[in-house]
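Report on the structure
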Amino acid sequence: KQEVTQIPAALSVPEGENLVLNCSFTDSAIYNLQWFRQDPGKGLTSLLLIQSSQREQTSGRLNASLDKSSGRSTLYIAASQPGDSATYLCAVQAGTALIFGKGTTLSVSS
Amino acid sequence: GAGVSQSPSNKVTEKGKDVELRCDPISGHTALYWYRQSLGQGLEFLIYFQGNSAPDKSGLPSDRFSAERTGGSVSTLTIQRTQQEDSAVYLCASSLGIRGGGYEQYFGPGTRLTVT
């Protein structure tokens, strides 16, 4: 059974820092991996999708990497801003549905 | 264009009543998913529709839960005889569909269900 783990559960950083969020999964037979952002009381916003054949994807200050063989993905956020404060969720797709981690709650102070 | 919409945004109901939650996917998306987000449980898959194929109901927690998708577009999730443990945020997502690597899923804002 696929399990997704995100470490750390919570992270507080000052504005301007570069940071890395970690995601690991137990079964490497995945179609893709997706990173989402969730603001309090809101739905999920898709940030990046990495297909199983890809190694990384970039969007603005965000860079996500995927190492299928080791079952790991990282989300790198450059020059963090207070507006980046949210919960970041990692999810893998191996069948029809996404399997989610519990998320990392990020707080960026000004 | 318009994203995934869900209604109502909030629903408070008494234990034992039935509720219906609605999802309008992005136009042209053939795949539709329902997920549930509970405190301490994280996000869990409930049901998946793809075109005219039989739905994947493997995530439904009990036979009190059912869903349908009419005309390949709008979907309704029905919970019968609601229980307090059904309290959660119900999220709907849509995508272009499953083929090979799968497609990006886009989520609606969710319906917060509270069973008193």
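One structure accompanies this document, and this report is about it.

The rules we used
Residues numbered from 1 in each chain as written. Chains lettered and ligands numbered in written order. Predicted model: local features only at pLDDT ≥ 70, side-chain atom pairs only at ≥ 80, totals over all residues. Heavy atoms only, no water. Helix = DSSP H or I, 4+ residues; strand = E, 2+ residues; numbered from the N terminus. Buried < 20%, exposed > 50% of the residue type's maximum accessible area, 1.4 Å probe, protein only. Contact = heavy atoms within 4.5 Å. Areas by Shrake-Rupley, 256 points an atom, 1.4 Å probe, with all protein chains shown as cover. Buried area = accessible area lost by both parts, 1.4 Å probe. Salt bridge = Lys/Arg side-chain N within 4 Å of Asp/Glu carboxyl O. Polar contact = N/O pair within 3.5 Å; in protein donor to acceptor, adjacent residues only side chain to side chain. Pairing = 2+ DSSP bridges. Axes fitted to C-alpha atoms, helices over the stretch in contact; angles between N-to-C directions. Phe/Tyr/Trp six-rings, centres within 6.5 Å; stacked < 30°, edge-to-face > 60°.

In terms of helices and strands, chain B carries zero helices and ten strands. Taken along its principal axes, the extent of the C-alpha atoms in chain B is 40 × 30 × 30 Å. Burial statistics for chain B: of 116 residues in total, 47% are counted as buried. At a minimum sequence separation of 6, the contacts of chain B that also span at least 24 residues come to 55%. For chain B, the exposed area adds up to about 5,700 Å²; of that, 45% sits on carbon and sulfur atoms.

Before going further, it helps to spend a moment on the interface of chain B and chain A. Contact with chain B, which involves 22 residues of that partner, is made by 20 residues of chain A. Roughly 1,600 Å² of surface becomes buried between chain B and chain A when both sides are summed, with 55% attributable to carbon and sulfur atoms. Broken down residue by residue, the surface that chain B buries against chain A is led by Leu-43, Glu-104 and Phe-107 of chain B, which jointly contribute 29%. Counting across the chain B and chain A interface gives zero salt bridges. Inspection of the region where chain B meets chain A yields five residue pairs in polar contact (both at pLDDT 80 or more). Looking at the side of chain B that touches chain A, the elements that each hand over two or more residues are strand E4 (31–38) and strand E5 (42–50) of chain B. When residues of the side of chain B that touches chain A are assigned to their parent elements, the largest contribution, four residues, is made by E5 of chain B.

To continue, consider the sheet that holds strand E6 (residues 56–59) of chain A. Residues and elements named next belong to chain A. Taken in spatial order, the five strands make up an open sheet running E1-E3-E8-E7-E6, and their pairing is antiparallel. Edge strands, defined here as strands with exactly one partner in the open sheet, are strand E1 (4–7) and E6. Going across the sheet, the axis of each strand differs from the next one's by a mean of 15°, ignoring polarity. Pairing geometry for E1 and strand E3 (residues 19–25), over four bridges, is antiparallel.

In this structure the tally under the stated criterion is eight aromatic pairs over all chains. Relative to Phe-107 of chain B, the ring of Phe-36 of chain A has its centre 5.3 Å away and its plane inclined at 85°; by these criteria the two rings are edge-to-face. Residue Phe-36 of chain A is located in strand E4 (residues 32–38), and its partner Phe-107 of chain B is located in strand E9 (residues 106–107); the two belong to separate chains. There is no split in this pair, since Phe-36 of chain A and Phe-107 of chain B are both buried.

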